[in-house]
Amino acid sequence: DVTEDCRGLSRRRRRAAPHHTGAPAAAAAAAAAARRVAAARAAVASVQVKGNSSVGKTSFLFRYADDSFTPAFVSTVGIDFKVKTIYRNDKRIKLQIWDTAGQERYRTITTAYYRGAMGFILMYDITNEESFNAVQDWSTQIKTYSWDNAQVLLVGNKCDMEDERVVSSERGRQLADHLGFEFFEASAKDNINVKQTFERLVDVICEKMSESLDTADPAVT
């Protein structure tokens, strides 16, 4: 019974050499519980899609968040956003994706949101030379208004429209290299590299945050 079990345990403890294992075991259990709680909580990553009007930012966002696409062009007024929960490296991440208007008249509104973003998808339309030429200006704005560790991917959208292409893949890649960004070509319409672009951005953000934490508080080995 319980009494006999307790007595037997007591006798075994008296015979055994004293080991102070209670505190470390409790600490290990508490640490494991803390890790489970931390894993259950979703980290929040805020990213923004930037670029000229009509490059396909909203379609790109809806394809990723809702797996939907509409060919009708509707200009974003000010700011819109979607939330999507994803899993990367066994971590649950609540991804907040902000779609900002590309028109000049909204610039003063949208620049206020740069600081909150951890990463950016900077987009141009491969069939529109003007949108490609504007990338440098958008890059400057990102570097001016966002925090220092914000990560950026350059994306040439509408790669399904090969017959109307005016910006070659090589030019896009060269510009990305010049700016220090990773490069993708994608299509919201045909769902090409949409998921891959967002997931790569999240991975880069996580890598940079991990590096920052390691630098600020190096582990003792």
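Please refer to the structure placed before this passage.
Procedures and definitions
- Residues numbered from 1 in each chain as written.
- Predicted model: local features only at pLDDT ≥ 70, side-chain atom pairs only at ≥ 80, totals over all residues.
- Heavy atoms only, no water.
- Helix = DSSP H or I, 4+ residues; strand = E, 2+ residues; numbered from the N terminus.
- Buried < 20%, exposed > 50% of the residue type's maximum accessible area, 1.4 Å probe, protein only.
- Contact = heavy atoms within 4.5 Å.
- Areas by Shrake-Rupley, 256 points an atom, 1.4 Å probe, with all protein chains shown as cover.
- Axes fitted to C-alpha atoms, helices over the stretch in contact; angles between N-to-C directions.
- Parallel < 35°, antiparallel > 145°, perpendicular 65-115°, else oblique.
- Left-handed = near helix turned anticlockwise from the far one by under 90°.
- Nonpolar A, V, L, I, M, F, W, Y, C, P; charged D, E, K, R; others polar.
- Salt bridge = Lys/Arg side-chain N within 4 Å of Asp/Glu carboxyl O.

Engineer: Is there a simple way to explain the overall build of the protein chain in this structure?
Structural biologist: When helices and strands are tallied, the protein chain shows eight helices and six strands. Expressed as a percentage of the 221 residues in the protein chain, the buried residues total 38%. Taking the contacts inside the protein chain whose residues are at least 6 apart along the sequence as the reference set, 74% of them involve residues at least 24 apart. Counting every atom, the protein chain has about 13000 Å² of accessible surface; 52% of that belongs to carbon and sulfur.

Engineer: Just to check I follow, could you spell out the environment of Leu 153 for this structure?
Structural biologist: Summarising the element assignment, Leu 153 is placed in strand β5 (residues 151-157). A residue is classified by how much of its surface remains accessible, and Leu 153, at 1% relative accessible area, is buried. With 48 residues separating them in the primary sequence, Leu 153 and Leu 201 have C-alpha atoms 6.8 Å apart.

Engineer: Could you clarify how one ought to interpret the packing of helix α6 (residues 135-145) against helix α7 (residues 169-179) in this entry?
Structural biologist: In the contact formed by α6 and α7, the axes pass within 12 Å of each other and the chain directions differ by 25 degrees. Considering the angle they form, α6 stands roughly parallel to α7. Here the hand of the crossing between α6 and α7 comes out right-handed. Contacts from Val 135, Gln 136, Ser 139 and Lys 143 in α6 reach Leu 175, His 178 and Leu 179 in α7. Residue composition of the contact of α6 with α7, by class: three nonpolar, three polar and one charged.

Engineer: Explain the pattern of salt bridges to me, please; I cannot follow it from the model alone.
Structural biologist: It is possible for side chains of opposite charge to pair when their charged atoms get near one another. Within the structure shown, the criterion is met by twelve salt bridges. With its nearest N and O atoms 3.0 Å apart, the salt bridge here joins Asp 67 to Arg 63. Close ionic contact of Glu 199 with Arg 88 constitutes a salt bridge, the shortest N to O distance being 3.1 Å. Pair noted here: Glu 199 is in helix α8 (residues 194-216) and Arg 88 is in strand β2 (residues 79-88), with a separation of 111 residues, a long-range link. A relative accessible area of 17% places Glu 199 in the buried class. One network of salt bridges, with partners in common, ties together Arg 88, Lys 195, Glu 199 and Asp 203.

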